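Each chain, written out:
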Amino acid sequence: MALTRIHHIGIAVHDADKTAEVWRDTFGLETALDTELDSQGVRGVIFPLDNCEIELLQPTREDTGISKYLETNGEGFHHICFESTDVAGDLITAKESGIQMIDEEPRVGLTGMIGFLHPRANHGVLIEYAQPPDDAPQHTGPESGPGPHALHHMTVAVNEVAPVTESWTERYGLVGREPFSAEALGLEGQFLDIGPTAIELVRPMPGSGGPLPRKLDQSGEGMFMLALTVRDAAESVEHLRGEGWTVTDANAGAFISPKHTYGARLRLSEA
Ligand code: CO
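Residues numbered from 1 in each chain as written. Predicted model: local features only at pLDDT ≥ 70, side-chain atom pairs only at ≥ 80, totals over all residues. Heavy atoms only, no water.

Undergrad: So what's going on with the coordination of the cobalt ion? Which residues, and what values?
TA: Around the cobalt ion, the protein contributes the donor atoms His8 (NE2), Glu55 (OE), His79 (NE2) and Glu128 (OE), at 2.0 to 2.4 Å from the metal centre. One can describe the donor arrangement at the cobalt ion as irregular, given that its four donor atoms subtend angles of 87 to 170 degrees at the metal. Read from N- to C-terminus, the donor residues coordinating the cobalt ion fall into the pattern H-x46-E-x23-H-x48-E. Placement of the pair is His79 in strand β5 (residues 76-84) and Glu128 in strand β8 (residues 127-131), with a sequence separation of 49 residues. His79 sits in the buried class, given a relative accessible area of 0%. (Donors = N, O, S within 2.8 Å, 3.2 Å for Na, K, Ca; no water. Tetrahedral: all angles 85-135°; square planar, octahedral: opposite > 155°, others 65-115°. Helix = DSSP H or I, 4+ residues; strand = E, 2+ residues; numbered from the N terminus. Buried < 20%, exposed > 50% of the residue type's maximum accessible area, 1.4 Å probe, protein only.)

Laid out in structure tokens, this is it:
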């Protein structure tokens, strides 16, 4: 097992120029790459944070996976990419452990050599492995400003937490913290660490309402919310409200409606 961190979060969008207005103009992130992969029929735009990247994926043809994904699911979170130091070996290990694969061998992607595992094998989460080239530039997020500068964690909605923890700690080398329950929020869950980043598994408590049970009802298990770190949450909330955004101010953080971010549900909070 050679997975070291969450390398990036992939987000499917119809128009990367429009969505870039959020990440570049509103949040102040820099565009590190904007390129087309002809073989895949996809345009990728990458915005680095300190410990992770945001990857916008826009279809450039109609017969592609990403374009079918948008047709079925609409815009929003598309995949979690783990960085690997040996992508060929990790794909073999995954296949040998019985995981349903999309790619059994590495191919060229936006971030070096990559391969995908099937979302059916991972509670609705499409997982990518990527091995960046040795000379890949080390980017960082913005050094100041009200926008996010790092990934805090990626929240995944599941029906049961414990079996996913058991599976993902074994498969991907994630390290589980103590399970938690948050009565006030109507959910329970567990953080799984990987390097400087983490995945949070959550499930709604019986009878609770809100976007989490709605997501599970409507589209089943899968990526739910991206939590990003800001330097000063109050300043971020003020900045976004100044842009006309509806922001729920809670727990020294901001919950942002996906209507402002082309389908990506975000939480900004201080580290
Ligand atoms: Co990717």
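From this point, things continue past the structure.
Undergrad: Before we move on, could you go through a negative patch on the surface and cite the residues and values that matter?
TA: A contiguous patch of negative charge on the surface is contributed by Asp232, Glu235, Glu238 and Glu270. Residue position: Asp232 is located in the loop between β14 (222-230) and α6 (233-242). (Patch = residues over 30% accessible without salt bridge, like charges linked within 9 Å, V, L, I, M, F, W, Y side chains within 5 Å. Areas by Shrake-Rupley, 256 points an atom, 1.4 Å probe, with all protein chains shown as cover. Salt bridge = Lys/Arg side-chain N within 4 Å of Asp/Glu carboxyl O. Lys, Arg positive; Asp, Glu negative; His and termini not counted. Charge placed at Lys NZ, Arg CZ, Asp CG, Glu CD.)

Undergrad: Give me the lowdown on the nonpolar core, citing residues and values where you can.
TA: Within the largest apolar cluster, 57 residues are counted, with the highest numbers of intra-cluster contacts made by Trp23 and Phe82. The residues touching Trp23, leaving out its near neighbours within four places in the chain, are Ile11, Gly28, Leu29, Phe47, Ile54, Leu56, Leu226, Leu228 and Leu266. (Core = buried A, V, L, I, M, F, W, Y, C linked by side-chain atoms within 4.5 Å. Contact = heavy atoms within 4.5 Å.)

Undergrad: Tell me about the packing of aromatic side chains, and please be specific about residues and values.
TA: Counted according to the given criterion, the structure contains six aromatic pairs. With a centroid separation of 5.4 Å and 75 degrees between ring planes, the pair formed by Trp23 and Phe27 is classed as edge-to-face. By the burial criterion, Trp23 is buried, and Phe27 matches it. With a centroid separation of 6.3 Å and 70 degrees between ring planes, the pair formed by Trp168 and Tyr172 is classed as edge-to-face. Of the two residues, Trp168 and Tyr172 are both situated in helix α4 (residues 161-172); the distance of four residues between them amounts to about one turn of the helix. A residue is classified by how much of its surface remains accessible, and Trp168, at 1% relative accessible area, is buried. Of the residues examined, Tyr172 reaches a relative accessible area of 0% and is grouped as buried. Three or more aromatic residues joined by ring pairs form one cluster here, namely Phe82, Tyr129, Trp168 and Tyr172. (Phe/Tyr/Trp six-rings, centres within 6.5 Å; stacked < 30°, edge-to-face > 60°.)

Keep in mind that these numbers describe shape and distance, not what the molecule does.
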